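# Overview (structure and organization)
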Number of protein chains: 2
Amino acid sequence: MRSTDLLSIGEVSERTGLSVPTIRYYEQCGFVRASRTPGGSRRFARSDIRRLSFVMLLQSFGLSLEEIRAAMADLPLERAPRAADWRRVSAGMRDRLDQRIAELARTRDMLDQCIGCGCLSLSECALHNRGDRAWRHGSGAQYVLRGRF
Amino acid sequence: MRSTDLLSIGEVSERTGLSVPTIRYYEQCGFVRASRTPGGSRRFARSDIRRLSFVMLLQSFGLSLEEIRAAMADLPLERAPRAADWRRVSAGMRDRLDQRIAELARTRDMLDQCIGCGCLSLSECALHNRGDRAWRHGSGAQYVLRGRF
DNA sequence: CTAGAGTCTCAAGTTCACTTGAGATCAAGG
DNA sequence: CCTTGATCTCAAGTGAACTTGAGACTCTAG
């Protein structure tokens, strides 16, 4: 084991906490690309752990896999990302995170206000209308409006 | 129309932005309870709009319908909630919202730090381990770890 | 060399949160 | 009375994100 610094899918599973099938699924989604042994078993680079951890992090922010794919689009798949690559991607996330924090804080303040003044008219007051752009936007299937981070 | 202050499902749909089938679904979930006309059509109280708006709000925070059900559990279904009822429920949400904001802020700071120092070891550093309680918690099906707000 | 653990692929199942469809019924204007 | 639009119920379909199962192959310790 550890002849080179390549990892089996089981090792990656232990280090990330992701199940083995999930890692295969994520490879299929394009988040990582594993090389293969002559026999056909996947071998992952150490940097893939970082990649997968990042996927999990963005997921905890409420992003869908598709959004995560977009966010990580300019991390090179064919080689281990350099610090500069990570910096670029993470900086974008930082901005979105800031925005989301600000939005939640705004919502909290409005909640305080509505509760405090006793109006409670969530449907008419700013509290609900804060999301106007999103509701009823497209005509097609909407499905879940996830955390949207 | 508007003989009493009861609303048809279409009117509720227009005022909340929810589709008609979704409102029926939410009734089935127990978020609202509509009375019926002799003919069998649903009639909603005005306070049900507030209820549904609140559901949408919590959903935008990333809560699942089950979590929302739990959060709204002590809003009385059989009568229009009073200001005091809303205050109680909203106060609980306010706390969770505060916690979530703090958690996101912490994550942002750690992201800054990791990016800044160049370590980028999301898997070992505090950034990822921040969520330790959640990962690999139950042995059964986990499915999506949604926004978790 | 062999037993057992780990992997492989591919297909099908599952949960959540709805949406879509079919066919019947209700409600109100002309 | 008739038509048109809203509503009803019930069943089945959908998309996302995985999980589970079946059957075969690989790898490594003894």
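Predicted model only: the values in this text are computed from it and were never measured.

## Considerations on the overall build of chain A
Secondary structure summary: chain A contains six helices and two strands in total. When the helices and strands of chain A are read in sequence order from the N terminus, they spell out α-α-β-β-α-α-α-α. For chain A, with 149 residues in total, the buried portion stands at 30%. Counting contacts in chain A only where the partners sit at least 6 residues apart, residues at least 24 apart contribute 45% of the total.

## Considerations on the packing of helix α1 (residues 9–16) of chain A against helix α3 (residues 46–60) of chain A
Residue and element names in this part refer to chain A. At a closest axis distance of 10 Å, the pairing of α1 and α3 adopts a crossing angle of 45 degrees. Relative to α3, the element α1 lies oblique. Seen along the crossing, α1 lies across α3 with a hand that is right-handed. On the side of α1, the interface is formed by Val12, Arg15 and Thr16, while α3 contributes Asp48, Ile49, Leu52 and Ser53.

## Digging into the domain arrangement of chain A
Here chain A is partitioned into domain 1 (1–81) and domain 2 (82–136). Opposite the eight residues of domain 1 of chain A that make contact, domain 2 of chain A presents eight residues.

## Considering the confidence of the model for chain A
All names here are of chain A. Looking at chain A, the pLDDT average stands at 80 and 74% of residues meet or exceed 70. Per-element mean pLDDT across chain A ranges from 48 in helix α6 (residues 126–129) up to 98 in helix α2 (residues 20–29). Here residues 126–148 is a poorly scored stretch, pLDDT under 50, and it has 30 contacts once near neighbours within four places are set aside; other chains count.

## Let's talk about the environment of Arg50 of chain B
Among the structural elements, Arg50 of chain B can be located in helix α3 (residues 46–60). In this structure Arg50 of chain B comes out as buried when scored by C-beta crowding, with 22 C-beta atoms within 10 Å.

## Topic: the environment of Glu67 of chain B
Structurally, Glu67 of chain B is set in helix α4 (residues 65–71). Spatially, the C-alpha atom of Glu67 of chain B lies 23 Å from that of Thr107 of chain B, the residues being 40 residues apart in sequence.

Analysis parameters
- Residues numbered from 1 in each chain as written.
- Chains lettered and ligands numbered in written order.
- Predicted model: local features only at pLDDT ≥ 70, side-chain atom pairs only at ≥ 80, totals over all residues.
- Helix = DSSP H or I, 4+ residues; strand = E, 2+ residues; numbered from the N terminus.
- Buried ≥ 20, exposed ≤ 12 C-beta atoms within 10 Å, placed from the backbone.
- Contact = placed C-beta atoms within 7 Å.
- Axes fitted to C-alpha atoms, helices over the stretch in contact; angles between N-to-C directions.
- Parallel < 35°, antiparallel > 145°, perpendicular 65-115°, else oblique.
- Left-handed = near helix turned anticlockwise from the far one by under 90°.
- Domains from an automatic or database assignment.
- pLDDT = per-residue confidence, 0-100.

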